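# Working through the structure, step by step
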Amino acid sequence: MSAVVYVPEGASRAKLALIERFGADLRPCGRDMDEAKVAASAFAAAESLPLFEDGAEQAQYEGYR
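The present account deals with the structure reproduced in this document. What you see is a predicted model, and the numbers here were worked out from it, not measured in a lab. (Residues numbered from 1 in each chain as written. Predicted model: local features only at pLDDT ≥ 70, side-chain atom pairs only at ≥ 80, totals over all residues. Heavy atoms only, no water.)

### Looking at helix H2 (residues 33-46)
- Look at H2: 20 Å from first C-alpha to last across 14 residues, which is about the 20 Å you get at 1.5 Å a residue.
- What H2 keeps buried is the set Ala-36, Ala-39, Ala-40 and Ala-44. One face of H2 carries all of its buried residues, which in axial projection span an arc of 135 degrees. Within H2, the exposed residues directed more than 90 degrees away from the buried face are Asp-34, Val-38, Ala-45 and Ala-46.
- Looking at the buried positions of H2, the neighbouring elements they touch are strand S1 (4-7).
- For H2, the capping residue at the N-terminal end is Asp-32, with a side-chain oxygen 3.2 Å from the backbone nitrogen of Asp-34.
- Note on H2: the residue one or two positions beyond its end, Ser-48, has a positive phi of about 55 degrees. (Helix = DSSP H or I, 4+ residues; strand = E, 2+ residues; numbered from the N terminus. Expected span 1.5 Å × (residues − 1). Buried < 20%, exposed > 50% of the residue type's maximum accessible area, 1.4 Å probe, protein only. Arc of directions from axis to C-beta. Contact = heavy atoms within 4.5 Å. Polar contact = N/O pair within 3.5 Å; in protein donor to acceptor, adjacent residues only side chain to side chain.)

### Considering the pairing of S1
- Alignment of S1 against strand S2 (residues 25-28), held across four bridges, turns out to be parallel. Along S2, the bridge assignment pairs Val-5 with Leu-26.
- Handedness of the crossover is the feature at issue here: the chain leaves S1, passes through helix H1 (residues 13-21), returns alongside S2, and the resulting connection is right-handed. (Pairing = 2+ DSSP bridges. Right-handed = clockwise from strand over helix to strand, strands pointing away.)

### A word on the packing of aromatic side chains
- As enumerated under the stated definition, the model contains one aromatic pair in all.
- Aromatic side chains Tyr-6 and Phe-43 sit 5.8 Å apart centroid to centroid with 45 degrees between the ring planes, which places their arrangement in the tilted category. With Tyr-6 in strand S1 and Phe-43 in helix H2, the pair connects residues that are 37 residues apart, well separated along the chain.
- Over the aromatic face of Phe-43 sits the side chain of Arg-27, whose NZ or CZ is 5.0 Å from the ring centroid. (Phe/Tyr/Trp six-rings, centres within 6.5 Å; stacked < 30°, edge-to-face > 60°. Lys NZ or Arg CZ within 6 Å of the ring centre and 35° of its normal.)

Below is the structure:
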């Protein structure tokens, strides 16, 4: 499975390094999470891909157990 992850342009380098270690395609975009989310939503819609938004799905929390 592959993942495209949109992040704000000023995101923490340590956080980005962790995401990259998992093999994600990082796409820095926008000044904050809201702008990055808009870009991610547009990309997902254009490519007919699902959008996974951190904290938006109950299944995420169940997977943490």
